[in-house]
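Here's the letter readout for the chains.
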Amino acid sequence: MGDELRRVKRQAVPRGSLYAAVLYPFIAVLTAIGLVACGLLLYELFAVGRDNAVCVTAVCVILLTGGLLAWTLRLKNQFLQLGAVIQRVSDAVDEISDVPKGEHASVRITNFATDNIEALFDRYQASLNREYEEELLARQAQYAILQSQINPHFLYNTLDSMRGNALDKDVPEIAEIAEALSHFFRYSISGMGDFVTVQQELDSVLNYLRIQRYRFGDRIRLVIECPEDEITSRFYMPKLTLQPIVENCFYHGFKNKGGGTITIRVIFTRRNVLIQISDDGEGMDEPSLKRLQASIAKETYRTVTDGRKQPSHGIALHNVNQRLKLYFGQGCGIYISSAPNAGTDIEVRFPVADKPPVWPKREDEES
Amino acid sequence: MIKSELLRMEQVSLPGYLDGFRLNIYQGEVLVLASLSGSQSEVIADILDGSVTPRDGLFWLDERPLKPREAATSYKAQLFRFREKSSLIPGMSIAENIFNIQTRHSKKNILVHPKENAQMTQIILNELGLSLHPDEPVGRLSAFAMHKIEIVKAVALGARLVIIEDVWGGFPDVHRSALFDLMKKLCDLGVAFLILTQRHEDFASVMDRIVIFHNGCNFRTLPGCEYRAGFVDRLLIGEHYIPTYESAPPDPAEPLPTREVLRISGLSCRHLKDLNLAVHVGEIVCVLDMQDRGQEELIRVLTEGGTYSGSIELNGVPFSPGERSGSPVNGVGAVSFQGGNTLFENLTWPENLALMSRRQLSDKTPLLGKGVLRYLQSEYRDELDGLAADRPLALSGATVYQRRKLTLLKWIISGPKLLLCSKPCSEGDVLLREITRSMLRKAADSGIAVLIASSNPMEALACADSIAVLSDGRIKAILEPAEFLANNPDVQRSIESVDDGIENQY
């Protein structure tokens, strides 16, 4: 913000009621005199004659000019006051654009006021939208919290009972799926913390595949290529990073194909862990890939756009990407490449950590 | 196992070339970047060696982030770019080429004695299993040996990444295998190789990973163990796939004439001994020498003459090859594919064609007039796809595929009796090779006899009706493709791996 704007702000200090009490009658008197003078002029012209017409006209012009001048000054002050108010509001809301220099003061002030009113309205509208979205997300989150408050032990015990009954009645398939579900929910819901070892995450993916096999049978194949257990059990990663991606392979890669192979390759470098999840499913064409890449790269996932719902497969990937970026910063996240009818590669990248990273506490949490 | 990531690029964009491209290379890895002809994948090498600056991108070296401005300098210090034109000085010995250049980079080595240079070079050559003498002048070496020395020099200069563009396409399998062995040894020492190629199947035995590059971004990345040539071709070609020309089945009512066009009897020269060969009307014969010597010399003799003994007959008349043998005047066309094409860049495509077809077309229609264009377009509609008669563009606007068609077409429309082609499918991607094969087949079906010289069995099998196998300058056997495959199980396996996928998908 420049010196010019500060000067304008100083001038725009309200003068109080005395100022208004003097100015308004003054303008009113000047205007009244002007009107009376116009009447006299007409009288002089048509009733008295034309001898004093020039004098009367001159007086009228002077009075009218005085009135207009006073009115302009008043308008100017009003603009200045309006500018100052907008300035204060803008300062409070967001950064403000500089007043353009090199123009006449009145033009400058008018442009400044007009621009900032428009900007203010835009910001106000954006703020309303954001508030609406935040409220929507808060409601969704609240709903999720309410859902998760179902006693998880009840769920585990029920599944364990199911497994027991299935074994008693010699239905091993049901026993297996009940066990897999029980493990899946324990892993997903229980308080293991945000981080698990790479091995635990891979085991959870295997468990998820056992559940999906119930639906897809042997049409699904999972290949995991990773270093020896002592490395995968030593390093940590965010929980539930791989499962949503593998789930995407099922619901989008194999939806119409009915089956295929998912390959998970884990590579450890000195500083990073790279996990590539590839499927030989349907893949996607270039425009779809670009849309997906753009949607997962956004900081906030827009649930509703132009009244149409976004494709659902972006949500899980967006969520994983944002969590990785929040935990580890830029340079980490997920990267997608795909070709139509030729499968999809999703690469997950995050730094190596031989102990669970400590998530920095927010100020309000500390207090 | 924990790997070391040498280099990484993310979201690299360069308008018209790259759009969100990403690449990472590990130490000691051979990474193949497969693309189509004309895909401008070489811009990646340009970015790495600092000659082109991308608009956007994130860069890492040894897993440390780099600022975009410093990325080019940092990468350049780590890499050696292998170009078609050798960087070796022919007048200098191998040791001088390797170490004298290093002294320019490091003042410490200025005082190194030439003998010590030679000793160090000998140690390196022995270590890498190269049977070369350090004092041997580079100018005397074969192209294959020079390539080996160039790689050794790159590593001696401290390069951790060697970029190789498509420069080994014309090499026979045996030479490529030797170069791959050298690469593997260097990979064990931690050197990484980035191969930018349109002939990915040539590198199947050596690749650790393959990235399929299409439309300026990554399509898929596959580990070497999952590589299938047919699948990669299908990814690359995509919607560009075109139906290929196949000969109509022979009509028993009208058997093809079996008149001899070319008859070579007892031909002997430097690399050929007592060669006897005949090529008939409408036949494609391939002279295959896997040692990459005799077949090239045969083409040279037929187009340029030189020192030879024996007799050559063309259409039953003795033929003495001379400097202008390969011209429409003699009824012999000599198509050259090596090093791009033989078209004139400053001329339009009809002008390029008319240069060769002047004699044949002048009595039908006025040259370069609309009549010629119409004639060409109606006669060669398939070959001239996309080239409009009403707007004859300069060659700069033509694609790689259109150029290849024009290169062949300019000889075909001149109506030769015999067409000589040296390694027609040794360069370019699968689509370019298919175009070449189809056009040669169509030319043969129109009555032209075609003689192909090749060192690659796959190339011979793709194009030829019969294969004359040369060994030590002599014709060992003349076989049909099926017989050749039966006698060469290794080639059979290669063919199966390439066919896997592409045949099934289309």
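Residues numbered from 1 in each chain as written. Chains lettered and ligands numbered in written order. Predicted model: local features only at pLDDT ≥ 70, side-chain atom pairs only at ≥ 80, totals over all residues. Heavy atoms only, no water.

### Some thoughts on the overall build of chain B
The secondary structure content of chain B amounts to 15 helices and 21 strands. Split into buried and exposed, the 506 residues of chain B put 53% on the buried side. Of the contacts made within chain B by residues no fewer than 6 positions apart, 69% connect residues no fewer than 24 positions apart. Surface accessibility of chain B: about 23,000 Å² in total, with carbon and sulfur atoms responsible for 51%. (Helix = DSSP H or I, 4+ residues; strand = E, 2+ residues; numbered from the N terminus. Buried < 20%, exposed > 50% of the residue type's maximum accessible area, 1.4 Å probe, protein only. Contact = heavy atoms within 4.5 Å. Areas by Shrake-Rupley, 256 points an atom, 1.4 Å probe, with all protein chains shown as cover.)

### Details of the overall build of chain A
A count of helices and strands for chain A gives 12 helices and nine strands. Looking at the 367 residues of chain A, the share that counts as buried comes to 35%. Nonlocal contacts in chain A, meaning residues at least 24 apart in sequence, comprise 69% of its contacts between residues at least 6 apart. Total accessible area on chain A is roughly 22,000 Å²; 58% of this is exposed by carbon and sulfur atoms.

### Quick word on a nonpolar patch on the surface
On the surface, a nonpolar cluster with roughly 350 Å² of combined accessible area is contributed by Trp71, Leu75, Phe79 and Leu82 of chain A. Structurally, Phe79 of chain A can be placed in helix H3 (residues 53–93). (Patch = residues over 30% accessible without salt bridge, like charges linked within 9 Å, V, L, I, M, F, W, Y side chains within 5 Å. Salt bridge = Lys/Arg side-chain N within 4 Å of Asp/Glu carboxyl O.)

### Considering the interface of chain A and chain B
Contacts between chain A and chain B engage 31 residues on the former and 27 residues on the latter. Roughly 2,400 Å² of surface becomes buried between chain A and chain B when both sides are summed, with 42% attributable to carbon and sulfur atoms. Three residues stand out in chain A for area buried against chain B, namely Arg270, Arg271 and Tyr335 of chain A, and they jointly supply 21% of the buried area on that side. Counting the contacts that link chain A with chain B gives five salt bridges. Among the ionic pairs, Arg22 of chain B bridges to Glu347 of chain A, the shortest N-O distance being 3.1 Å. Between the two partners, chain A and chain B, sit 17 residue pairs in polar contact (both at pLDDT 80 or more). When contributions to the side of chain A that touches chain B are tallied by element, the ones reaching two or more residues are strand E4 (260–269), strand E5 (272–279), helix H10 (286–297), strand E8 (333–338) and strand E9 (344–351) of chain A. Here the residues of the side of chain A that touches chain B sort into nine nonpolar, 11 polar and 11 charged. (Buried area = accessible area lost by both parts, 1.4 Å probe. Polar contact = N/O pair within 3.5 Å; in protein donor to acceptor, adjacent residues only side chain to side chain. Nonpolar A, V, L, I, M, F, W, Y, C, P; charged D, E, K, R; others polar.)

### Section: the sheet that holds strand E10 (residues 209–214) of chain B
Residues and elements named next belong to chain B. Within the open sheet, the six strands sit side by side as E7-E8-E9-E4-E10-E11. Their pairing is mixed. Two strands bound the open sheet, and with one partner strand each, they are strand E7 (79–82) and strand E11 (217–223). When the angles between neighbouring strand axes are averaged without regard to direction, this sheet yields 20°. The pairing of strand E8 (residues 161–165) with strand E9 (residues 192–197) spans five bridges and is classified as parallel. Following the sheet pairing, Glu165 is matched in E9 by Leu196. Where helix H6 (residues 173–188) meets the sheet, its contacts fall on strand E4 (30–34), E8 and E9, and the angle it forms with E9 comes to roughly 140°. (Pairing = 2+ DSSP bridges. Axes fitted to C-alpha atoms, helices over the stretch in contact; angles between N-to-C directions.)

### Some words on the pairing of strand E3 (residues 18–26) of chain B
All names here are of chain B. In terms of burial, E3 is a largely internal element, eight of the nine residues being buried. Across six bridges, the pairing between strand E2 (residues 5–14) and E3 is antiparallel. Along E3, the bridge assignment pairs Met9 with Leu23. Linkage of E2 to E3, two consecutive antiparallel strands, is achieved through a turn of three residues, within which Gly16 is found at a positive phi near 85°.

### Considering unusual backbone geometry
For residues that are not glycine, phi is negative in most cases, and the peptide bond is trans in most cases. All names here are of chain B. At Asn315, a position not held by glycine, the phi torsion is positive, near 55°. Tracing the backbone through its elements, the reader meets Asn315 in the loop between strand E15 (309–314) and strand E16 (317–318). Not every positive phi belongs to a glycine, and Lys423 is a case in point at roughly 45°. Its place among the elements puts Lys423 in the loop between strand E18 (418–422) and helix H12 (430–445). Its relative accessible area of 7% is what places Lys423 among the buried residues.

### What about a positive patch on the surface?
A cluster of like positive charges, contributed by Arg270, Lys273, Arg293, Arg300 and Arg474 of chain B, occupies part of the molecular surface. Mapped onto the elements of the fold, Lys273 of chain B is located in the loop between strand E12 (260–268) and strand E13 (275–280). (Lys, Arg positive; Asp, Glu negative; His and termini not counted. Charge placed at Lys NZ, Arg CZ, Asp CG, Glu CD.)

### Notes on the pattern of salt bridges
Enumeration over the complete set of coordinates arrives at 26 salt bridges over all chains. A salt bridge links Arg349 of chain A to Glu5 of chain B, with the nearest nitrogen and oxygen atoms 2.7 Å apart. Separated into two different chains, Arg349 of chain A in strand E9 and Glu5 of chain B in strand E2 make up a pair that spans both. The exposure class of Glu5 of chain B is buried, given its relative accessible area of 1%. Here Arg433 of chain B and Glu201 of chain B are joined by a salt bridge, their closest N and O atoms 2.5 Å apart. One end of the pair, Arg433 of chain B, is in helix H12; the other, Glu201 of chain B, is in the loop between E9 and E10, and 232 residues separate them in sequence. Given the relative accessible area of 14%, Arg433 of chain B is considered buried. Salt bridges sharing common partners tie together Glu347 and Arg349 of chain A together with Glu5, Arg8, Glu10 and Arg22 of chain B.

### Remarks on the packing of aromatic side chains
The final tally for this structure, using the stated rule, is 14 aromatic pairs over all chains. Ring centres of Phe250 of chain A and Phe254 of chain A lie 6.2 Å apart, and the angle between their planes is 85°; this geometry places the pair in the edge-to-face category. Judged by its relative accessible area of 1%, Phe250 of chain A is buried. These aromatic residues form a ring-pair network of at least three members: Phe184, Phe185, Tyr208, Phe216, Phe250 and Phe254 of chain A. Over the ring of Tyr187 of chain A we find Lys239 of chain A; its NZ or CZ atom is 5.8 Å from the centre of that ring. One Lys or Arg, Arg8 of chain B, reaches over the ring of Trp60 of chain B and ends 3.8 Å from the middle of that ring. (Phe/Tyr/Trp six-rings, centres within 6.5 Å; stacked < 30°, edge-to-face > 60°. Lys NZ or Arg CZ within 6 Å of the ring centre and 35° of its normal.)

### So, helix H5 (residues 152–168) of chain A
Residues and elements named next belong to chain A. Relative to the 24 Å expected for 17 residues at 1.5 Å per residue, H5 spans 24 Å between its end C-alpha atoms, a close match to the ideal helical length. Residues of H5 that are buried: Tyr156, Leu159 and Ala166. The arc that holds every buried residue of H5, seen down its axis, measures 90°, which confines them to one face. Pointing more than 90 degrees away from the buried face of H5 are the exposed residues His153, Phe154 and Asp168. Against helix H6 (172–189) lie the buried residues of H5. The first or second residue beyond H5 is Asp170, which carries a positive phi of 60°. (Expected span 1.5 Å × (residues − 1). Arc of directions from axis to C-beta.)

### A closer look at the confidence of the model for chain B
All names here are of chain B. Mean pLDDT over chain B: 81, with 84% of residues reaching 70 or higher. Within chain B, helix H15 (residues 489–505) has the poorest average pLDDT of any element, 55, and E4 the best, 95. In this model, residues 101–105 is a region of pLDDT below 50 whose contacts with residues beyond four sequence positions or in other chains number nine contacts. Confidence drops under pLDDT 50 across residues 499–506; counting only partners more than four residues distant or on other chains, this segment forms 11 contacts. Two numbers describe this predicted complex: its pTM, 0.71, and its ipTM, 0.74. (pLDDT = per-residue confidence, 0-100.)

### Focus on the packing of helix H7 (residues 198–216) of chain A against helix H9 (residues 242–253) of chain A
All names here are of chain A. At a closest axis distance of 9 Å, the pairing of H7 and H9 adopts a crossing angle of 25°. With respect to each other, H7 and H9 are oriented roughly parallel. Helix-helix and strand crossings are classified by hand; for H7 and H9 the assignment is right-handed. Residues Glu201, Leu202, Val205, Tyr208, Leu209, Gln212, Arg215 and Phe216 of H7 touch H9, and the partners they reach there are Leu242, Gln243, Val246, Glu247, Phe250 and Tyr251. Class assignment of the residues belonging to the contact of H7 with H9 gives a composition of nine nonpolar, two polar and three charged. (Parallel < 35°, antiparallel > 145°, perpendicular 65-115°, else oblique. Left-handed = near helix turned anticlockwise from the far one by under 90°.)

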